[in-house]
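Each chain, letter by letter, is given below.
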Amino acid sequence: MNRYRKVLAGLLAAAGLSLFVATAKADPPAGAPASLKIAVVAFLSGPASGPFGIPARNAADVWIEKINREGGIGGIKVIPVFTDEAGPADKVVTEFRRLALEEKVAAVVGYISSANCLAVAPVADELKELTVFGDCGTARVFEEGKHAYVFRTNAHTVIDSLGAARYLLAMKPDVKTIAGINQDYAWGRDSWEIFQRSMRQLKPGVQVVDVLWPKIFAGDYSTEISKLLVEKPDVVFTSFWGSDLVTFSRQAKARGLVEQSIVLVNNTGSDIKDIPATVLIGSRGPGPIAPPDVEKDPLHQEFIQLYKAKYGLAPNNYIAHGAYHFTQALQGLKVAYESAIKKAGRWPTTEEVAAALAYSTFDSPAGIIQMAIGNGHQAIEPAPFAVIKQDPAIGAHVFTEIRSFPAACVNPPDGMKSLDWIDRGFPGAKC
Amino acid sequence: MGGSLRFIPFLLLGLALITAPFVLSGWVLFLLTVAGAKALAVLGVVLLLRAKLLTFGHALYYAAGAYAAGLGVKYLGLHNGFALIGLAFVAGLGVSALLGLLVIRYRGVYFALLNLAFSMVLYGILLKFYSVTGGTDGLAFPAPTFGLIGLSEASLRAQLYELTLFLGSLLFYLTYRFFASPAGYVLFAIRDNEVRVAYMGISVNAAVYLGYIIAGGLAGVAGVLVGLSVGHITPDLAFWSQSGEFVFVAILGGVGSVFAPVVGSILFEFVRNYAFELSPYTWQMTLGAALLLIIFFLPGGVWSLVGLARTRSGP
């Protein structure tokens, strides 16, 4: 009996939902396509797929389902095309061309690797393909070139390491010595450069005792940890992510490095269950670490529920930051399309959508996103940081002592290069 | 087949290739450009395989060509496509002439691994000299100009395709002539019996050195052509998996003819891209399965099908 009641209730709910969708659906604008194909590119294989790619892909999946349930974009159903970002640049560019020229997608969302963003941006302009970068960090994309068809709806990497410097000084104002251990590749180098330059500006007397560059995915940091244990810096800064962050955390905890020095990680690049308590950590923009205003945002809550329902979640509701970034990209596209439709009174051209997205402001699961810099093509976001702590009530690690630095405090103003801005002492920063 | 009519299929094929930009979609054209360029590097691998020299480090010269041109853009402000190609060719030749002095003394697994080691050294250098090479983020290749020809910028893709086609054809023809020359046949003889070659009064080292430099120059040109087409280069170009890909394609195509690398390369690019479209999660497995099938059923590579067809139809 009980089962029939459940089925009946389900049917009723489905009928109600379809009625709701039917009423919510307006007439599509003139010249609209039958469906809107959007490519979603993320690492589905390789070392970056676990911490970044798969969560981002899953987030895009649940968010596109949500958009379609609510009537699609401008009344048009969105059809996602998921592809793998793995492989060298020539493969990534070939795949982008296939998506644009063969699949004829209306827009491409994604790219986690900075190298891939740099490689794809000029091709997007050449093919006039609307492209919204999902997660990649390098500031070079819009600081070294102008790209009419390319946007990035998440903040670039400057907030990771400048935010780390500001949070460190807020938590431990009397820091005297710092050391760095970063993966020897572009993102590791960028992270350290921004962090140490920021520290030099914010606390001029601070001394760098060591800078270590183990190779990426080295897997063993015993020599580096030995060195750090001898040098006893107040703070060890790292931009490790994925398996590197997990193994480094294990080894650092076992040998007492986290008790001896403050370990500061600029970006949550793996599950916090694997990172020891007392570590200071950030997330590129709100999301995993949510300040109160974002926590209250209905989109934030809805995203967590949708993700939990389809893909399950840890008890502390932890979702990787790449996942939030992909929903930001989709929200940006949706809002831009709809405002361009309103303005044009018909289905907009790619250029009209791009114009609507530039300098726009929109709500997302990570709070309000402002497309404020890089000629309106680059988002700025606040930089939330936290201390990891074990919560006995839920038996999992949680973020405590959350502090979020406002977007205008950790992002350069429009038209200024990040490193120049830092070296000139952050002119125009509002903290 | 009558001797006077033998050139007709080639003529038709040539015409079809030249007019391809007017017919094919932009994506297929791009794929053909990249495949054609990479085929040059594969040709180098095939050339060495003729002397039974397997290299797992040929990406070294491929990356050397690409980065020589990329640094030429960054530091010398070069934008002329021909100048960049020249630079890459010289880099490929130069580096292989230098390293060849050491490498050609070794055979078998030592040759393969020594090449691998040098290519990983270059990979390390490209990674470490972050401020010069951009590290893993790589270097951008802005759209080149071909000042001498003076075509419009809008047709850049077609230009790059035609450039790859003509330059590639020229280099393939020259390699073909080299294969047919006494020096080329010496490589075959070395494969069969190196000692006997030496007894014949031919310098084995000189022959291998010549082959090694030619292979290096070809890979250098391949590197810059791929860089120009893709528009961005990263240290992955020098990574061992890239060298592995060249060997993979060489086996896929076969070593029987200069045309085999082209067929193999085009087949590889298409299989890889369609594997991607069909199964975004397991595309690597599709590729691996394709290679296994080739090894089991066509040990001479795809090109051996042509040989089969020839023997069936009879002389």
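## Here's the deal with the overall build of chain B
No. 1: A count of helices and strands for chain B gives 15 helices and 2 strands.
No. 2: For a compact globule of 315 residues, the expected C-alpha radius of gyration is about 20 Å, and chain B comes in at 20 Å, within 12% of that figure.
No. 3: Considered along the principal axes of its C-alpha atoms, chain B spans approximately 50 × 45 × 45 Å.
No. 4: Each of the 315 residues in chain B was classed as buried or not, and the buried ones make up 47%.

## Re the interface of chain B and chain A
No. 1: Taken residue by residue, the interface counts 28 residues in chain B and 27 residues in chain A.
No. 2: Breaking the side of chain B that touches chain A down by element, the ones donating at least two residues are α3 (26-50), α11 (204-230), β2 (232-233), α13 (259-278) and α14 (283-297) of chain B.
No. 3: The dominant element in the side of chain B that touches chain A, judged by the number of residues it contributes, is α3 of chain B, at 5 residues.
No. 4: For the side of chain B that touches chain A, the per-class residue count stands at 14 nonpolar, 12 polar and 2 charged.

## Focus on the nonpolar core
No. 1: Counting residues in hydrophobic clusters, the biggest one holds 223 residues, and the most contacted among them are Val 109 of chain A together with Ala 63 and Ala 88 of chain B.
No. 2: Counting residues per element, this core draws most heavily on α3 of chain B, at 17 residues.
No. 3: Both domains that furnish three or more residues to this core are identified here as domain 1 (2-156 + 293-380) and domain 2 (158-283 + 382-423) of chain A.
No. 4: Setting aside residues up to four positions removed in sequence, Ala 63 of chain B forms contacts with Leu 122, Leu 126, Gly 223, Leu 237 and Ala 238 of chain B.

## Quick look at the domain arrangement of chain A
Residues and elements named next belong to chain A.
No. 1: By the assigned domains, chain A splits into domain 1 (2-156 + 293-380) and domain 2 (158-283 + 382-423).
No. 2: Once you take the C-alpha centre of each, domain 1 and domain 2 turn out to be 29 Å apart.
No. 3: Contacts between the two partners involve 20 residues from domain 1, matched on the other side by 28 residues from domain 2.
No. 4: Elements with a minimum of two residues in the side of domain 1 that touches domain 2: α2 (49-69) and β12 (367-373).
No. 5: Each residue belonging to the side of domain 1 that touches domain 2 can be placed in one class, and the counts come to 11 nonpolar, 8 polar and 1 charged.

## As for the sheet that holds strand β14 (residues 383-391) of chain A
Residues and elements named next belong to chain A.
No. 1: Strand order in this open sheet of 7 strands is β7-β6-β8-β9-β10-β14-β15, and the pairing throughout is mixed. Edge strands, defined here as strands with exactly one partner in the open sheet, are β7 (207-212) and β15 (396-405). If you compare each strand with its neighbour and ignore which way they point, the axes differ by 25° on average.
No. 2: The sheet contact formed by strand β10 (residues 280-282) and β14 spans 3 bridges and is antiparallel. Paired with Leu 280 across the bridge in β14 is Val 387.
No. 3: Running over the sheet, helix α8 (residues 222-231) touches β6 (177-181), β7 and β8 (235-238) and is turned about 165° from β7.

## Some words on the pairing of β14 of chain A
All names here are of chain A.
No. 1: Sheet topology note: the β14/β15 ladder contains 8 bridges and is antiparallel. Bridge assignment links Ala 383 to a residue of β15, and that residue is Phe 405.
No. 2: Between β14 and β15, which pair antiparallel one after the other, the connecting turn spans 4 residues, and Gly 395 there sits at a positive phi close to 65°.

## A short note on the packing of helix α4 (residues 59-76) of chain B against α11 of chain B
Residues and elements named next belong to chain B.
No. 1: Two elements in contact, α4 and α11, have axes separated by 6 Å at closest approach and are oriented at 50°. Of the possible angle classes, the one that applies to α4 and α11 is oblique. Like other packed secondary-structure pairs, α4 and α11 cross with a definite hand, here right-handed. Each of Tyr 61, Tyr 62, Ala 63, Ala 64, Gly 65, Ala 66, Ala 69 and Gly 70 in α4 lies in contact with α11, whose residues at this interface are Gly 216, Ala 219, Gly 220, Val 221, Ala 222, Gly 223, Val 224, Val 226 and Gly 227.
No. 2: Broken down by class, the residue content of the contact of α4 with α11 amounts to 11 nonpolar, 6 polar and no charged.

## Some details on unusual backbone geometry
No. 1: You will see that Lys 232 of chain A, though not glycine, has its phi angle at about 50°, which is positive.
No. 2: Here Lys 232 of chain A shows up in the loop between α8 and β8.

## Describing the confidence of the model for chain A
No. 1: Of all residues in chain A, 94% attain a pLDDT of 70 or more, and the chain-wide mean is 91.
No. 2: Between residues 16-24 of chain A, whose pLDDT stays under 50, and residues either more than four places distant or in other chains, the model counts 4 contacts.

## A closer look at helix α6 (residues 108-128) of chain B
The periodicity of an α-helix, 3.6 residues per turn, causes residues three or four places apart in sequence to face the same way.
Residue and element names in this part refer to chain B.
No. 1: Spanning 21 residues, α6 covers 31 Å between terminal C-alpha atoms, matching the ideal 30 Å at 1.5 Å per step.
No. 2: The set of residues buried in α6 consists of Phe 111, Asn 115, Ser 119, Leu 122, Tyr 123, Leu 126 and Leu 127. Summarising the axial view, the buried residues of α6 lie within an arc of 145°, below the 170-degree limit, and thus occupy one face. Turned more than 90 degrees from where α6 packs its buried face, Val 109 and Tyr 110 sit exposed.
No. 3: In this structure, the buried side of α6 is in contact with α4, α5 (81-103), α7 (130-133) and α12 (240-253).

The rules we used
- Residues numbered from 1 in each chain as written.
- Chains lettered and ligands numbered in written order.
- Predicted model: local features only at pLDDT ≥ 70, side-chain atom pairs only at ≥ 80, totals over all residues.
- Helix = DSSP H or I, 4+ residues; strand = E, 2+ residues; numbered from the N terminus.
- Rg over C-alpha atoms; globule rule 2.2 N^0.38 Å.
- Buried ≥ 20, exposed ≤ 12 C-beta atoms within 10 Å, placed from the backbone.
- Contact = placed C-beta atoms within 7 Å.
- Nonpolar A, V, L, I, M, F, W, Y, C, P; charged D, E, K, R; others polar.
- Core = buried A, V, L, I, M, F, W, Y, C linked by C-beta atoms within 7 Å.
- Domains from an automatic or database assignment.
- Pairing = 2+ DSSP bridges.
- Axes fitted to C-alpha atoms, helices over the stretch in contact; angles between N-to-C directions.
- Parallel < 35°, antiparallel > 145°, perpendicular 65-115°, else oblique.
- Left-handed = near helix turned anticlockwise from the far one by under 90°.
- pLDDT = per-residue confidence, 0-100.
- Expected span 1.5 Å × (residues − 1).
- Arc of directions from axis to C-beta.

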